[in-house]
Amino acid sequence: MGMRRPASLALLAALVLAPTLAGCSVIESTVKDSVEQGIRDATGGDFDVNLDEGLPDGYPVDAVPVVDGTVNGGRGTVDGKDTFVVTVQATDAATAAKDALVAAGFTVDGEIANGDGSIVTLSTTAYDVKLVASADSILYTVTVK
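The following refers to the structure shown. Because the structure is predicted, anything quoted here is derived from the model rather than measured. (Residues numbered from 1 in each chain as written. Predicted model: local features only at pLDDT ≥ 70, side-chain atom pairs only at ≥ 80, totals over all residues. Heavy atoms only, no water.)

Side note on unusual backbone geometry
Part 1: The phi dihedral of aspartate 92 is positive, around 50°, even though this residue is not glycine.
Part 2: Here aspartate 92 is to be found in the loop between β3 (81-89) and α3 (94-103).
Part 3: Under the relative-accessibility criterion, aspartate 92 is labelled exposed at 62%. (Helix = DSSP H or I, 4+ residues; strand = E, 2+ residues; numbered from the N terminus. Buried < 20%, exposed > 50% of the residue type's maximum accessible area, 1.4 Å probe, protein only.)

Quick look at the nonpolar core
Part 1: Core analysis: the biggest nonpolar cluster contains 21 residues, and Val129, Leu131 and Tyr140 have the highest contact counts within it.
Part 2: Broken down by element, the residue count for this core peaks at four residues, all from strand β6 (residues 127-133).
Part 3: Not counting chain neighbours up to four residues away, the residues in contact with valine 129 comprise Val64, Leu101, Phe106, Val120, Thr121, Leu122, Tyr140, Thr141 and Val142.
Part 4: Core analysis: the next-biggest nonpolar cluster, separate from the first, contains five residues, Val85, Ile119, Val132 and Leu139 among them. (Core = buried A, V, L, I, M, F, W, Y, C linked by side-chain atoms within 4.5 Å. Contact = heavy atoms within 4.5 Å.)

Examining the pattern of salt bridges
Part 1: Per the counting criterion, the structure on display carries three salt bridges.
Part 2: Arginine 75 is paired through a salt bridge with aspartate 82; the nearest N and O atoms lie 3.1 Å apart.
Part 3: A salt bridge links glutamate 111 to lysine 98, with the shortest nitrogen-to-oxygen separation between them at 3.2 Å. Linking glutamate 111 in strand β4 (residues 107-114) with lysine 98 in helix α3, this pair joins segments that are 13 residues apart in sequence.
Part 4: Judged by relative accessible area, glutamate 111 falls into the partly exposed class, the value being 44%.
Part 5: Given a relative accessible area of 19%, lysine 98 falls into the buried group. (Salt bridge = Lys/Arg side-chain N within 4 Å of Asp/Glu carboxyl O.)

Considerations on α3
Part 1: For α3, every residue scored as buried is listed here: Ala97, Lys98 and Leu101. Each buried residue of α3 sits inside an arc of 95° when the element is viewed along its axis, so together they form one side. Residues Thr95 and Ala103 are exposed on α3 and point more than 90 degrees away from its buried face.
Part 2: As for α3, its buried residues are in contact with β4, β5 (117-123), β6 and β7 (137-144). (Arc of directions from axis to C-beta.)

A short note on the sheet that holds β6
Part 1: The strand order β1-β2-β3-β7-β6-β5-β4 describes an open sheet built from seven strands, whose pairing is antiparallel. With partners counted over all chains shown, the strands left at the sheet margins are β1 (52-53) and β4, one partner each.
Part 2: Here β1 pairs with strand β2 (residues 70-78) via two bridges, running antiparallel. Bridge pairing in β2 places aspartate 52 opposite glycine 73. (Pairing = 2+ DSSP bridges.)

Here it is, written out as structure tokens:
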């Protein structure tokens, strides 16, 4: 599954804005809807995501570690493959997230970073992972191969 660059940037922007705007429940709901729309756009629109509190059922915790923080996640199918989407509210955790995946056996396939965040693609023989990180949030998209 390839994440298109414009969709990646939209996700990064949504993640950067989410913590800033999360003080009001109406705004919180709007931000969550924006992030969910960005995820649908990034996955080709065929991923019906509902981000619930905690990791989604069936998430491969032992194989794909997630940094500590406030976690929301969802599960769906993209191109016939199980896909998990997880957001973590965690400050300055992009490097920790990438390092944890590398320690778990992932190879970094690509990386883009600037002052506002980063996008990293990683893989093993069993999973593809895309990390989109801002200063306060990380989005994991995990696809079973």
